[in-house]
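# Fold and contact review
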Amino acid sequence: MIPNPSSDPWEAAYLRFETPEQEIQKFISRLGKLGAAAWPRDAEIVELFCGRGNGLKALEQLGFTRTEGVDLSPRLIAQYRGPAKCFVEDCRQLPFADRSKDILIVQGGLHHLPVLPEDLEQTFAEMQRVLRKEGHVAFVEPWLTPFLRFVHAVSENPLARRLSNRLDALATMIQFERRTYDQWLTQPGLVLRMARTHFVPKYESFEWGKWNFVGAPR
Ligand SMILES: C[S@@+](CC[C@H](N)C(=O)[O-])C[C@H]1O[C@@H](n2cnc3c(N)ncnc32)[C@H](O)[C@@H]1O
């Protein structure tokens, strides 16, 4: 069922923040930064926490042919139209065989996990289980860099929110996911420790309010 933005304030804010085309372009540029140009086009890739599938569309536009998605929400997955096979499942328990996938991508999903550290441990352990030995993970998640602190400060200013529709949309989304968002942002040491326990870092950056991580399974 297509959600009605007028009855779902998070959905309405998400749609105000950027168009699907803008989000797909954003994902394409992030994938470039994560090294996607070097990934074989027939690699078996799963986008975890794929939501409505704009990340899958970015992968398709880049020429990847064996893509799949996993998300807990049947409502969001129903909005995806494309060749990827999508599963309505919990990423804490992946519906894939051991050592069966080449690349697992998460863009803005880990910070939605309800209980840290347990859910993160379970999700990372599952990712490690399904990755082939030579495979890798790629994460892009919010990070409390000076830029993000600045964005938070500005978004608390009602005048700034009135002047910028985008800023107001972002502040509204954060408001609705406040508990898990804050839980994630306030435990960076825990997150990095857990990521490094499961994956050997191959590339990592912290910029513009994002943690970009590429790692191989240990
Ligand atoms: C901010 S959205 C990610 C957006 C996504 N990258 C996109 O382009 O639509 C976070 C997603 O995580 C999903 N989610 C939250 N907990 C989950 C879980 N345990 N397993 C699978 N998906 C989950 C939500 O349904 C939501 O679609």
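Reference entry: report on the structure contained in this document. In this text, all values refer to a predicted model and were calculated from it rather than measured experimentally.

Reading guide: rules and limits
Residues numbered from 1 in each chain as written. Predicted model: local features only at pLDDT ≥ 70, side-chain atom pairs only at ≥ 80, totals over all residues. Heavy atoms only, no water. Buried < 20%, exposed > 50% of the residue type's maximum accessible area, 1.4 Å probe, protein only. Helix = DSSP H or I, 4+ residues; strand = E, 2+ residues; numbered from the N terminus. Arc of directions from axis to C-beta. Contact = heavy atoms within 4.5 Å. Pairing = 2+ DSSP bridges. Right-handed = clockwise from strand over helix to strand, strands pointing away.

The next point concerns helix α6 (residues 146–155). Buried residues of α6: Leu148, Val151, His152 and Ser155, and no others. An end-on view of α6 places all buried positions within 100° of arc, on one side of the element. Facing away from the buried side of α6 by more than 90 degrees, the exposed set consists of Pro146, Arg149 and Phe150. Looking at the buried residues of α6, the elements they touch are α7 (158–163), α8 (165–176) and α9 (178–185).

Another point: the pairing of strand β5 (residues 131–142). Among the 12 residues in β5, nine count as buried, and that is most of the element. Bridge analysis of strand β4 (residues 101–107) against β5 gives six bridges, and the strand direction is parallel. Looking at the pairing, Lys101 lines up with Leu131 of β5. Handedness of the crossover joining β4 and β5 through helix α5 (residues 118–130): right-handed.

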